Amino acid sequence: QDCFGNMAENGDPLLLQAFKDQVGGHFLIMEIDRDWICKPMQSRERLFYETVPEPIKQFIPQFGGVMNVGFIRGKNGEFQYTAYPVSKCNDKSTIDDISSEYTLTEEENLRYLKCSMRTDTTRGKIKSDQKNNPWTEFRKKSLSRVLEKRIDETERHDYIVLENLTGKFKYPCVMDLKIGTRSYSDAMSESKKQLHLERCDSTTSKAIGVRLGGMQIYNTSDQHFYYLDKYYGQSLSVEGFYKSMTDFLYSGKRYRWELFPELVKKLKELREVIRKMDSYRFYSSSLLIMYNGDDPKEEHGPNVSLTSVVHPTSDITMSKDCDVDVKMIDFGNTTHRYCVKDPVKYDGPDEGYILGLTTVINTFETFYKDKQNGAYRS
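Here the structure is a predicted model, which is why all the values come from computation and not from measurement.

Novice: How should I be thinking about the packing of aromatic side chains in this particular structure?
Specialist: Aromatic ring pairs are defined here through the distance separating the ring centres and the angle between the ring planes. Summed over all chains, the structure comprises 25 aromatic pairs. Here the aromatic rings of Tyr 171 and Phe 225 are separated by 6.5 Å at their centres, their planes lie at 50 degrees, and the arrangement is tilted. With Tyr 171 in the loop between β7 (157–163) and β8 (172–179) and Phe 225 in strand β10 (residues 224–228), this pair connects stretches of sequence that are 54 residues apart. Across the pair, Phe 225 and Tyr 171 agree in class, each one buried. Consider the rings of Tyr 283 and Tyr 346, whose centres lie 6.2 Å apart with planes at 80 degrees: the pair is edge-to-face. Of this pair, Tyr 283 sits in the loop between α8 (260–275) and β11 (286–292) while Tyr 346 is found in the loop between β14 (324–329) and α11 (351–372), placing the two residues 63 residues apart along the sequence. Looking at Tyr 283, the relative accessible area reads 6%, which means it is buried. The class for Tyr 346 is buried, based on a relative accessible area of 16%. Joined through ring pairs, the aromatic side chains of Phe 48, Tyr 49, Phe 63, Tyr 280, Phe 282, Phe 331 and Tyr 353 make up one cluster. Arg 156 extends its terminal NZ or CZ atom over the ring of Tyr 84, reaching a point 4.0 Å from the ring centre. Over the face of the ring belonging to Tyr 283 we find Arg 182, whose NZ or CZ atom lies 4.1 Å from the ring centre.

Following this line, the structure appears as structure tokens:
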């Protein structure tokens, strides 16, 4: 489906909504529809999607191109987000143009669109209904405060269009994992590198190659979502991280054991792909693990087939492949040998990323084996 299919023939812009399933990231992500979202464009990330090797495409969102996004004040005084056709894209850079200086300049130009969470008083773990993701609401308010000072309704920003990964789920459960033992790129300033080093040293990233970046869980017992933010993830010990990983697959009534085999299978397939990607470094990228919190075993009874469930209000058959998904996102700091102007070229696969993936795989495998050995009943 074309992400611009809903635009009127007379050229009227498409109104966007804040993406309600966002659990991490600095920028407010916009939702176009059930199939597509968009986020501020970084040329390095756009070029990654345009030139990505075929084997890894199954583990990243589908790329839908570039659109322009503007901000206008609505009749109620609130800002509206509007999208315009891709033909107005301003960025013409190629892989040969990407350099440390180019990346730093572009980052500086996008700085005001970042939504700081540092003053948020709702850090940690909170409960909310499905229509009110607290950090999406906070990002909206943060961006609105900035726009109040510099609103220009003629100004347009290039946004990349990506597949809406949670659109297929009725109650999306999402875990954002920062994978790797290093999160800074060679294009970053020395002060920013130091901040990333300190964060890595003080979190689980250094020891096990992964930390929690955010989480959204649907609890079937009270029919509410629960949210964990990146600050909660940064505060976890290694043991606390392991517990958060397994808590992610708890519905409020039982562990979703039927998801474990497929999840581990996909994680192992991703690890094999990464092992073959010579020179690629996925600094500061995230790995999303997602599943549908609408537990079919509870809704349809204990004897339901978990490989094919048709929801009574939908004609969509939720196959086993749709029950759990694994995707890499956020490639604004990715480098490889074809980024010819980057100051450092690397050989071999990203061992820090592989370490983090292995930690995640081992955590789920160990927990599942303990269940098979009778350690858990639910």
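And the narrative resumes.
Novice: For this particular structure, what's the right way to read the sheet that holds strand β4 (residues 63–73)?
Specialist: Sheet strands associate in pairs through backbone hydrogen bonding, adopting either a parallel or an antiparallel arrangement. Around the barrel, six strands lie side by side as β1-β2-β3-β7-β4-β5; this closed barrel has antiparallel pairing. Summarising the sheet, strand β2 (residues 30–31) and strand β3 (residues 36–40) pair through two bridges and their orientation is antiparallel. By the bridge assignment, Met 30 is partnered in β3 with Cys 38.

Novice: Just checking my understanding: could you explain the pattern of salt bridges for this structure?
Specialist: Side chains that differ in charge, positive against negative, can pair when their charged atoms come close. Inspection of the entire model under this criterion finds 21 salt bridges. Notably, a salt bridge pairs Lys 39 with Glu 45, separated by 3.2 Å at the nearest N-O pair. For the pair formed by Lys 39 and Glu 45, the shared burial category is buried. Glu 272 is paired through a salt bridge with Arg 275; the nearest N and O atoms lie 2.6 Å apart. One end of the pair, Glu 272, and the other, Arg 275, are both in helix α8, three residues apart, so they sit about a helical turn from each other. Residue classification places Glu 272 among the partly exposed residues on the basis of a relative accessible area of 35%. Taken together, the shared-partner salt bridges connect Arg 254, Arg 256, Glu 258 and Asp 295 into one network.

Novice: Could you clarify how one ought to interpret the side chain of Ser 285 in this entry?
Specialist: Inspection of the secondary structure assignment puts Ser 285 in the loop between α8 and β11. A polar contact is formed between the side chain of Ser 285 and the backbone oxygen of Phe 282, at a distance of 2.9 Å.

Calculation rules
- Residues numbered from 1 in each chain as written.
- Predicted model: local features only at pLDDT ≥ 70, side-chain atom pairs only at ≥ 80, totals over all residues.
- Heavy atoms only, no water.
- Phe/Tyr/Trp six-rings, centres within 6.5 Å; stacked < 30°, edge-to-face > 60°.
- Helix = DSSP H or I, 4+ residues; strand = E, 2+ residues; numbered from the N terminus.
- Buried < 20%, exposed > 50% of the residue type's maximum accessible area, 1.4 Å probe, protein only.
- Lys NZ or Arg CZ within 6 Å of the ring centre and 35° of its normal.
- Pairing = 2+ DSSP bridges.
- Salt bridge = Lys/Arg side-chain N within 4 Å of Asp/Glu carboxyl O.
- Polar contact = N/O pair within 3.5 Å; in protein donor to acceptor, adjacent residues only side chain to side chain.

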